[in-house]
Structures are given as C-alpha cells and as structure tokens.
Amino acid sequence: MSAPLSERWGKPVLNKFGKKIYLDQMTMKEIEERVKENDVIFLPVGSTEAHGPFAPVGEDTIIGVSIAERVAYETGATVAPPIPYGSHPSHHYGMPGTVPVKATTLIEYVADVIRWLSNAGFKKIIVWNSHGQEYVLPIAKDVAILEREVHALILVTSWWKWVQDLLRKAGTGEEIAPGVKLETPFVHADEVETSVTWYVAPDLVDEESLRKEGDWGVVKAIPGNYVNTAGNVFPDRPFNWYDVSHLPEFYYYKKGFVGWASKAHPKKGEVLVEEVIKRVSEFVKWLLSIYPPGKIPRTWINYGDFFYNKPNEWVEPPK
C-alpha cells in the first residue's frame, strides 16, 4: 500500500482506544458508531492572523486543534475540522497575514455547523475557541438554539479559560510550576502565546527571529488597572479587553505582536497546555458520566408553547 499523498490530511489520527479522532476522517458508519459511545465533539474556531516575524499566522488555530486532539485522544471525543478564519476587533485590521471576517458572518457560519453536527448525532458540542473572539461565539450558540432549532447541549469556551489561575500569576513572581514563571501578562503573540505555540508546534517557531525581534512592549490608551488583559483573567478590571477601542496594530505594532515574546520558552507553554488538557479531559469525562451518549438536558424551546402568538381562535368582527 502506498503512503498518503498528504501526511496532514491522509493519515488517520487515532485516540488511545485505537479509533479515529477527526470527524472528516470518519466514514458515515464510523460516525454512527461513535455517537453511540461518545457524542462529545470539539469544534475548534481559530483565526488566520499576524503573530510577529517568529510565529505562524495560523497560530491560534494550531493551538486550539492541538489541545483538542490531545483531549480527544484521552477521552474518546471527536474533533471537527477547525474553522481557520475568525472575527477580529477593529485594532487587528490591516495587518499582512490577518484575514478577518465579519462577526455576523462568523456567527451564522458557526451556527450552521453546530446545526449539522447535532444532526449527525453529536449532542454535546464544545465550541473550542483559541482566538480573541470570545465575545462573538456565545451568540452563535443562541442562534443555533433559537433560529436553527438545534436540540443539543452547546458549550462555548476558550483554552485559556481553563488556566486562569496560572495566568493570573504572571508578573507576580509566583511559579506556575517548580522553576517556571510567567514574567508578563497574557496579551497577543507575546510571552504566553508564543510559549504555547513553541510547545505544541516547535518546528513553526523561528527562534532566531524571536531572540532578535521579540521585544516590542505595550502601548495603552487606557491604563491596565482599568482594562483587562487577554483572556480577561483579572476579575477586578471594569473593562474587558474587548470593551475598549485599542490602538490599531497597523500603526502601533507594525511587527504584528505585542509585549515581550522574547521571554517565551516551550517549558512555559508545556505547563499551561498540559494543565488545560488535564482539566478539560476531566470535564469531558464528568459530562459523559452525568449525560451519557444521546442524553442531554432540555436546552431548546418550542415557540408554540409561548403566548405572543396566541390565541389561535378568533371572532369575526360585527357586520
């Protein structure tokens, strides 16, 4: 038998139970069998976006899919093909390599994908975000329920949400693991994100460029004691990062990254990623123990049960 033409697309990726992880590699029969034993599916939503001269523009998608694959390996869940183009706040626009789509376009697209994943039998759908669009994707969840009439348990989360406690230690001097510290808060293509990419895809980080060009700093219109960092990990800030008009990268961050990426190290990424995998895997196992395959709480509504479209009976007006 000849080797697959593409190692990326033509070689089956298997979980620890010896079964396929990715939906697009399964046959119809395999999908039917999968949802009977595990109806959890991850829908990775990333972006194609400038991440400096040292990291790939697909960084967000690569991080999200890599983590989802490892969780699926451990739990028997399925991973849907990722959505590699994302919604972007205004300050991301114009950077070479960044491909933004309208928030409304992404919402409708994700809602459609959710609908037909549910139709295939995946009734626990985790919209797995790895890009700064966490303010957009929950709307797709509601569109799927209200307008697409989806009967499923839909959960929207981002990888960094599972390690907020570790990210809050950045800059405090506290270790996130023995001998490992984060020196600067999580922003964009910075110490944190570059460390994560370096761990999950080491061949895609240009270390020479990182060491030469990986310091840029942060320019803020509003001080950080008012505005949260990426991931909104600090609960005492009155503005989330996406609540404020930020300085456009095109003018203020010409190199396509923010902060001090030169402080990145794959060990820092390993600590964060492995903890995410551990915690998310525990959650998936718990979820299936509470709601076995095919069983979900009622998350949908029937418009016919409401009163705004009643009564259905009427009287004729007097003649």
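Residues numbered from 1 in each chain as written. Predicted model: local features only at pLDDT ≥ 70, side-chain atom pairs only at ≥ 80, totals over all residues. Heavy atoms only, no water.

A. Just the pairing of strand S1 (residues 40-45), in detail. Burial analysis of S1 places six of its six residues in the buried class, the great majority of the element. Side chains of S1 alternate between two faces, with Val40, Phe42 and Pro44 and Ile41, Leu43 and Val45 buried alike. Pairing between S1 and strand S3 (residues 124-129): six bridges, direction parallel. Opposite Pro44, over in S3, you have Trp128 as the bridge partner. As paired elements, S1 and strand S2 (residues 78-79) share two bridges and run parallel to each other. The residue of S2 that forms the bridge with Ile41 is Thr78. Crossover connection from S1 via helix H3 (residues 59-75) to parallel S2: handedness right-handed. (Buried < 20%, exposed > 50% of the residue type's maximum accessible area, 1.4 Å probe, protein only. Helix = DSSP H or I, 4+ residues; strand = E, 2+ residues; numbered from the N terminus. Pairing = 2+ DSSP bridges. Right-handed = clockwise from strand over helix to strand, strands pointing away.)

B. Fine view of the packing of aromatic side chains. Enumeration over the complete set of coordinates arrives at 14 aromatic pairs. Chaining the aromatic ring pairs together yields one cluster made of Phe54, Trp216 and Phe257. Above the plane of the ring of Phe234 lies Arg237, whose end atom (NZ or CZ) is 4.4 Å from the centre. Lys254 extends its terminal NZ or CZ atom over the ring of Phe250, reaching a point 3.9 Å from the ring centre. (Phe/Tyr/Trp six-rings, centres within 6.5 Å; stacked < 30°, edge-to-face > 60°. Lys NZ or Arg CZ within 6 Å of the ring centre and 35° of its normal.)

C. The arrangement of the layout of surface pockets in detail. Its boundaries defined by the atoms lining it, the largest pocket holds a volume of some 710 Å³. The residue inventory of the lining of the largest pocket, partitioned by class, reads 18 nonpolar, 15 polar and seven charged. Taken as a whole, the second largest pocket encloses approximately 590 Å³ of empty space. Lining the second largest pocket are 19 residues, and of these Arg8, Trp9, Tyr22, Val65 and Pro82 lie nearest its centre. Across the lining of the second largest pocket, the residue classes tally to nine nonpolar, six polar and four charged. (1 Å grid on protein atoms, 1.4 Å probe; cavity = no way out; pocket = protein on both sides within 12 Å on 5 of 7 lines; lining within 4 Å. Points joined across faces, edges and corners; volume = space filled by probe spheres on them. Nonpolar A, V, L, I, M, F, W, Y, C, P; charged D, E, K, R; others polar.)

D. Geometry of the sheet that holds strand S4 (residues 153-158). Pairing is parallel in the open sheet, where four strands are placed in the order S2-S1-S3-S4. Whereas interior strands pair on both sides, the edge strands pair on one side only; in this sheet they are S2 and S4. By the bridge criterion, six bridges tie S3 to S4 in an arrangement that is parallel. Directly across from Ile126, in S4, lies its bridge partner Leu155. Taken strand by strand, helix H5 (residues 137-146) contacts S1, S3 and S4, and its axis lies near 170° from that of S4. (Contact = heavy atoms within 4.5 Å. Axes fitted to C-alpha atoms, helices over the stretch in contact; angles between N-to-C directions.)

E. Structural detail: the packing of helix H4 (residues 103-119) against H5. Where H4 contacts H5, the two axes come as close as 8 Å, and the packing angle between them is 50°. In terms of axis orientation, H4 runs oblique to H5. The two elements H4 and H5 cross, and the hand of that crossing is right-handed. Facing Leu106, Ile107, Glu108, Val110, Ala111 and Ile114 of H4, the residues of H5 in contact are Leu137, Ile139, Ala140, Val143 and Ala144. A per-class count over the contact of H4 with H5 returns ten nonpolar, no polar and one charged. (Parallel < 35°, antiparallel > 145°, perpendicular 65-115°, else oblique. Left-handed = near helix turned anticlockwise from the far one by under 90°.)

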